[in-house]
Amino acid sequence: MNHYAITMPQLSDTMTEGVVVTWEKQPGDRVERGDIVATVETDKAIMDVEVFKAGYLAGPLAEVGAAIAVGAALGYISDTAGDVAIAAGEVVAEQAQTEMIPHHAGTPIVMPQLSDTMTEGVVVTWEKQPGDAITRGDIVATVETDKAIMDVEVFQEGFLSGPIADVGSVVEVGHPMAFIVDDAGKANDTGVTLSAEHKVKETHKVAPPAADRPAHLPIPRAAPAQVAAAGNAAPVPRPEGRQASPYARKVAAQLGVNLAGLAGSGPAGAIVAADVTRARPSMQQVAHALPQVDVPGQGRPMTSMEKAVAHAMTASLTLPTFTVTVNIDTAALTAAAKAKKVSVTVAIAKACSVAMAKFPRMNWTYQPVDKLVERSNHDFGVAVMSNDGGLVVPILHGVAKKSLEGLQSDWTGLVERARVRKLAPAEYSNPTFTISNMGMLGVSHFTAIPTPGISAILAIAASGPQGTPFTITGDHRVLNGADVALYLTTLKQTIEAPDAWISGGAAAEAVGGAAAMAAAPVSPIPEGKWDVQVVVVGGGPGGEDCARDLADHGVKVMMVNNEPFPGGECLWRGCIPSKAWRAAADAIRNRAHDAEMGVDGTNAPRLNWAQVEKHRRWVQTSRGDMALKADRGMKIDVREGYGEFVDAHTLKITPVEGEPYQVTFGAAVIATGAPAFVPPIPGARESLATGGVVTSDTIWNLANPPKKLGIVGGGVIGVEMAQIFRDFGTEVLMLERHDRILAEIEDEIGKTLIAALEKEITVVTGADIREVTGKPGAMKLRYANKEGVESAFDCDIVLMATGKRPDTSRLNLDKVGVELDGAAIKVDARCRTSAAHIYAVGDVIGGYMLAHTAATQGRVAASNLLGHASEYDQDRDCGVTFSRPQAGFVGLSVAQAKAKGIDAVEAKMPMSIDAKAMITGETEGMIKLVADKASGRIIGVHYLADHTDTLIGTGVMMVSGEMTLTQVAKAIFPHPTQTELFGELARRLLNRLRRTAKK
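Helix and strand counts for the protein stand at 22 helices and 53 strands. Counting all 999 residues of the protein, 48% fall into the buried class. Counting only contacts in the protein whose residues sit at least 6 apart along the sequence, the fraction spanning at least 24 positions is 63%. For the protein, the exposed area adds up to about 45700 Å²; of that, 54% sits on carbon and sulfur atoms.

Structure below.
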């Protein structure tokens, strides 16, 4: 077991100790990252103590009223459940990271992370003052990052309140800059001056806003590059007379870092991985390491963007580059672009992408040390001159997949924002290829400079007698002269004969098909005399879809499943059985509408539980049998048993009957799902063994519906079960420890659904579940509400609907070098783990724990194993909560989009105005459409409707197909159906955008 000390944090330079005011958690309580465990009184205010280490609170705890020195232990966190105190005299060296925030100061406005490298920002201006009213979408401040000056937008109503960080203060990402309170009378006008080291230098009353921004601001620091220790490189030796962690030594081997003389930040000066990654210089460090030559004159500090450009240009000196030039006649492309009403810049970017289909290496990049990042996404940076004379490089995303019209729509908005330097981080970060057209300025020849992160940059000069010079500067570590010469030759053919691709359709597909044939896929499945080429561990939707795709392409694949039939949790413990119950509950609920429509005598339906269960089991076994026959028919070698890794290419299979045996494999896919999680509530796990407590895995053995049901957890599973059993005639109490149930659902949809739920069942939020006792049929659930008032609920059974958590303990992942991210397996967008030949999909990797998500990821893994680059895009995923009415989502909400730097807008329509909904008496809820304001592309659809499970398919096609508001507005939807709401929503949002654009 491990213990970590919760130390008294230091709020300011003057603080030497704090007094414990309250303990918000008790020994043995589960503590998550971000939990408030105590409040303390400092020399300035009462503050919350927030911890960033998960585990269980352990004593001895400092007594309330005790004065504790800064850095001394307040209490401890243990990683072992039930461990409530450390042993007497036990020395605890490791500390749990803590932070202080003002107690009851309101909702914090935190420094947003506006780029991947940003760790802190500088407050440039406050657009609002303490006490000012704030509404959703208001800009309250601007901050300077390592890349640009950006707006800080808030999504909560209230009043701005201190403590507020002064202009010029350096604030860490995720830390409060100010607060929002719900009452103007609660707002305070305290200002805080923060140093570049994030220390509080002083507090004072907020002064009136200055007329100008300060002449000099502290420099935000870029984050050190983070490198995962992947592969089988041998760790470097431990430095003589020094301690270094094994992980640090492995990272050092990959980065080529010499540990001798390296400062260590671990216990007793030990070198840890963070020390090694910091030793690899950043662009800023490279720039400052070069000899500095003094020049006369009074210099001014660079802006953040000027510094970033200077550092990047200096870092470019580390790239071994070469140049290749080809002259191209652009007349035909210019004419074709004009006919299509798109800019020549956009047409050239598309041509570069079309040619690159044959030469994907042009889109790759070098990654230290000795790695190549093989990118399939064509995100091209195109240089634009800003209004202040500098060059800005906005990014056209998805050039390969979008039409010229779609790219032009994106480009128009990008150029407008680039000229005033108002690009969002996603609009200027991490291009895969760059284009600079200085020919428009009359430049007859120039050479562009690539920077780390790309391997090629294209320079386009002014047209001359022999055509327009197209010059590529390439990184010789990734590209060779032949690569670039052949690419430029293909680009020349593409630009000079645009009719073959610029109109799209069959001609473009033919070009793409030829390119695909030219670039034959290379499978990453290692060659060898394996028993099978690929073994899939797990037979749920993720494993099965992966195995089928592989088998369909002739790959010899084995699927190891710990049940007689495939289907996993979805078929046996999740989607299918719960929807069978939901269907019976719907039949009962729907009878309530009959009388309104003139059908009498159906308002007293009776539940036949035996028939419900017979029907449920028939569906499950029928689908399981069908799946097994289909898998075997596709030549998938299906084995029943538990799989565990013996080494990098050997799997041990333990069958239900018989002796364990081993098989060898070239590559593996882990798809073992995630079991239900039971929190350490006193009595819960003991009652799980007796059947008094059930989970979403064990509820399927009920003899009859309970008369009274207690549910712990207000997520999707809890809500679905609550309504199902309520319709079956059960009295339901739902307890949720957070302030809101259905926290994962879009805010307005969630709140509307919650209001409907609370009319049917008793919901207690902010609940502290104290104990579960009793036996099946006579259980007692003891809890306290958010005011601390204790109550007890007598019920037949208690359902623990507290989510799922991956359990990889039986897989022996340490033997194959697969890393974890918490309890989940760590993967990239291609579902690759830290072991190059092992992939993982579904619930075991965390994220959306949904059957269709797992199936999609399974197909992504199969595609990559077949040599076709494929990625899972969570921003296009979807889900349905089978409540009544049903909630659902596709893609992003407005809040999620804005967090990604997308200027998103939404329109909504209530179901109550829809003719079909009025006819059937199903008028509760709404549909919301979310679009990218700049491009008009639909990026999200959100539902609360009785038939969301049917309607959601339209939203899926709109988002995945990158449809625009104009396309949906012009589509013809049948009447009377609920689908016609989509056309109406698109037209409404288009009209709003037109009106606001004129102002």
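Time to look at the sheet that holds strand S25 (residues 380–382). Sheet architecture is open: six strands sit in the order S22-S31-S30-S29-S25-S28, paired in mixed fashion. On the outer flanks of this sheet lie strand S22 (321–328) and strand S28 (395–396), each paired with one strand and no other. Looking at chain direction, strand S29 (residues 433–437) and strand S30 (residues 456–460) are connected through four bridges and run parallel. Each residue of the ladder has a partner; that of Thr 434, found in S30, is Ile 457. Strands in contact with helix H6 (residues 344–356) are S25, S28, S29, S30 and strand S31 (468–475); relative to S25, the strand with the most contacts, it is inclined by about 150°. Along the sheet face, helix H8 (residues 481–496) touches S22, S29, S30 and S31 and points at about 25° away from the line of S22.

Bringing H6 into the picture now. Compared with the 18 Å implied by 1.5 Å per residue over 13 residues, the 18 Å span of H6 between its first and last C-alpha is a close match. Along H6, 12 of the 13 residues are buried, which leaves the element largely enclosed by surrounding structure. Along H6, the residues classified as buried are Thr 345, Val 346, Ala 347, Ile 348, Ala 349, Lys 350, Ala 351, Cys 352, Ser 353, Val 354, Ala 355 and Met 356.

There is a patch of nonpolar side chains on the surface, built from Met 385, Leu 391, Met 440 and Leu 441 and spanning about 440 Å² of accessible area. With respect to the helices and strands, Met 385 occurs in strand S26 (residues 384–385). A relative accessible area of 39% means that Met 385 is categorised as partly exposed.

When two helices pack together, their arrangement is given by the angle between their axes and by how far apart the axes lie. Relative orientation of the contacting elements H6 and helix H7 (residues 404–419) amounts to 125°, with a least axis distance of 10 Å. In terms of orientation, H6 and H7 fall into the oblique class. As for the relative orientation of H6 and H7, their crossing is right-handed in sense. Contacts from Thr 345, Val 346, Ala 347 and Lys 350 of H6 reach H7 at Leu 404, Leu 407, Gln 408 and Trp 411. Grouping the amino acids of the contact of H6 with H7 by side-chain chemistry returns five nonpolar, two polar and one charged.

The next thing to look at is the nonpolar core. Cys 352, Phe 433, Leu 458, Phe 470, Tyr 487 and Leu 491 are the most contacted members of the largest nonpolar core, which totals 51 residues. Here this core gets nine residues from one element, more than from any other, and that element is H6. Residue contacts for Tyr 487: discarding those within four places in its chain leaves Cys 352, Ala 355, Met 356, Phe 359, Met 362, Phe 433 and Ile 472. Trp 700, Leu 709, Phe 728 and Met 926 belong to the second largest nonpolar core, which has 34 residues in total.

To continue, consider helix H20 (residues 948–960). Residues separated by three or four positions in an α-helix point in the same direction, a consequence of the helix having 3.6 residues per turn. Given a rise of 1.5 Å per residue, 13 residues ought to cover 18 Å, and the 17 Å separating the end C-alpha atoms of H20 matches this to within 8%. Of the residues making up H20, those classed as buried are Thr 948, Leu 951, Ile 952, Gly 955, Met 958 and Val 959. Note on H20: the residue one or two positions beyond its end, Glu 962, has a positive phi of about 55°.

Here we take up the confidence of the model for the protein. Scored by pLDDT, the protein comes out at a mean of 85, with 87% of its residues at no less than 70. With pLDDT under 50 throughout, residues 505–520 is counted as low confidence; its partners more than four residues away or in other chains account for 12 contacts.

All told, the structure shown has 13 aromatic pairs when counted by the stated rule. A ring pair is formed by Phe 359 and Tyr 487, whose centres lie 6.3 Å apart and whose planes are at 85°; its orientation type is edge-to-face. Linking Phe 359 in the loop between H6 and strand S23 (365–367) with Tyr 487 in helix H8, this pair joins segments that are 128 residues apart in sequence. In this structure Tyr 487 comes out as buried when scored by relative accessible area, which is 0%.

Take unusual backbone geometry next. Looking along the chain, the bond that leaves Gly 162 and enters Pro 163 is cis, with omega of 0°. Take Pro 163: it is sitting in the loop between strand S16 (158–161) and strand S17 (164–165). Even without being glycine, Cys 831 reaches a positive phi, approximately 70°. Topologically, Cys 831 is positioned in the loop between strand S47 (824–825) and strand S48 (838–840).

On to the sheet that holds strand S40 (residues 731–736), then. The five strands are arranged S38-S45-S39-S40-S41 in an open sheet whose pairing can be described as parallel. The outermost strands of the open sheet, each flanked by one partner alone, are strand S38 (693–695) and strand S41 (762–765). Between one strand axis and the next, the sheet turns through 20° on average, direction left out of account. Taken together, the four bridges between strand S39 (residues 708–712) and strand S45 (residues 797–800) define a ladder with parallel strand orientation. Residue pairing in the sheet places Ile 711 in a bridge with Leu 799 of S45. Taken strand by strand, helix H15 (residues 716–727) contacts S39, S40 and S45, and its axis lies near 165° from that of S40.

Throughout the structure, instances matching the rule amount to 47 salt bridges. Of the charged contacts, one joins Asp 545 and Arg 859 as a salt bridge, the two residues approaching to 2.5 Å between their closest N and O atoms. Of the two residues, Asp 545 sits in helix H10 (residues 541–552) while Arg 859 sits in helix H17 (residues 851–865), which places them 314 residues apart along the sequence. A single salt-bridge network, built from bridges that share partners, covers Arg 582, Asp 586, Arg 589, Arg 726, Asp 727, Glu 760, Arg 884 and Asp 946.

To continue, consider the environment of Ala 583. As for its placement among the helices and strands, Ala 583 is situated in helix H12 (residues 575–590). Taking the relative accessible area as the measure of exposure, Ala 583 reaches 44% and is therefore partly exposed. Placed 141 residues apart in sequence, Ala 583 and Ile 724 show a C-alpha to C-alpha distance of 9.0 Å.

Attention now goes to the pairing of strand S14 (residues 139–144). In terms of residue burial, S14 counts as a mostly covered element, since five of its six residues are buried. Here strand S12 (residues 120–126) runs beside S14; their pairing, made up of four bridges, is antiparallel. The residue bridging Trp 126 from the neighbouring strand is Ala 141, located in S14.

Right, let's talk about the environment of Lys 786 for a bit. By secondary structure assignment, the location of Lys 786 is in the loop between strand S43 (778–784) and strand S44 (790–795). Judged by its relative accessible area of 48%, Lys 786 is partly exposed. The residues touching Lys 786, leaving out its near neighbours within four places in the chain, are Asp 739, Thr 765 and Gly 766.

Attention shifts here to the packing of H10 against H17. Packing of H10 against H17 brings their axes to within 7 Å, and their N-to-C directions diverge by 30°. Both H10 and H17 take part in a crossing whose hand is right-handed. For the pair formed by H10 and H17, the contact residues are Pro 541, Gly 542, Asp 545, Cys 546, Asp 549 and Leu 550 on the first element and Ala 851, Ala 854, Ala 855, Gly 858, Arg 859, Ala 861, Ala 862 and Leu 865 on the second.

What follows deals with the environment of Glu 544. Tracing the backbone shows Glu 544 in helix H10. For Glu 544, a relative accessible area of 9% corresponds to the buried category. Remark: the alpha-carbon pair of Glu 544 and Pro 566, spanning 22 residues in sequence, is separated by 7.3 Å. Beyond its immediate sequence surroundings of up to four residues, Glu 544 is in contact with Gly 538, Gly 539, Met 559, Pro 566, Ala 627 and Asp 631.

Attention shifts here to the pairing of strand S35 (residues 642–647). In this structure, S35 lies alongside strand S36 (residues 650–654), joined through five bridges in antiparallel fashion. In the strand pairing of S36, Gly 643 is matched with Ile 653. Linking S35 back to S36 in an antiparallel pair, the connection comprises two residues.

Here the focus is the state of the cysteines. Chemically, a disulfide is nothing more than a covalent bond linking the sulfur atoms of two cysteines. Overall, the coordinates contain zero disulfides when judged by the stated rule. Cys 570 takes part in no disulfide bond, and the closest cysteine sulfur, belonging to Cys 575, lies 3.2 Å away.

Another aspect to go through is the side chain of Asn 812. On the secondary structure map, Asn 812 appears in the loop between S45 and strand S46 (820–821). At 3.4 Å, the side chain of Asn 812 and the backbone oxygen of Phe 645 are in polar contact. Dropping the residues within four chain positions of it, Asn 812 is found in contact with Glu 644 and Phe 645.

Cut-offs applied
- Residues numbered from 1 in each chain as written.
- Predicted model: local features only at pLDDT ≥ 70, side-chain atom pairs only at ≥ 80, totals over all residues.
- Heavy atoms only, no water.
- Helix = DSSP H or I, 4+ residues; strand = E, 2+ residues; numbered from the N terminus.
- Buried < 20%, exposed > 50% of the residue type's maximum accessible area, 1.4 Å probe, protein only.
- Contact = heavy atoms within 4.5 Å.
- Areas by Shrake-Rupley, 256 points an atom, 1.4 Å probe, with all protein chains shown as cover.
- Pairing = 2+ DSSP bridges.
- Axes fitted to C-alpha atoms, helices over the stretch in contact; angles between N-to-C directions.
- Expected span 1.5 Å × (residues − 1).
- Patch = residues over 30% accessible without salt bridge, like charges linked within 9 Å, V, L, I, M, F, W, Y side chains within 5 Å.
- Salt bridge = Lys/Arg side-chain N within 4 Å of Asp/Glu carboxyl O.
- Parallel < 35°, antiparallel > 145°, perpendicular 65-115°, else oblique.
- Left-handed = near helix turned anticlockwise from the far one by under 90°.
- Nonpolar A, V, L, I, M, F, W, Y, C, P; charged D, E, K, R; others polar.
- Core = buried A, V, L, I, M, F, W, Y, C linked by side-chain atoms within 4.5 Å.
- pLDDT = per-residue confidence, 0-100.
- Phe/Tyr/Trp six-rings, centres within 6.5 Å; stacked < 30°, edge-to-face > 60°.
- Disulfide = S-S within 2.5 Å.
- Polar contact = N/O pair within 3.5 Å; in protein donor to acceptor, adjacent residues only side chain to side chain.

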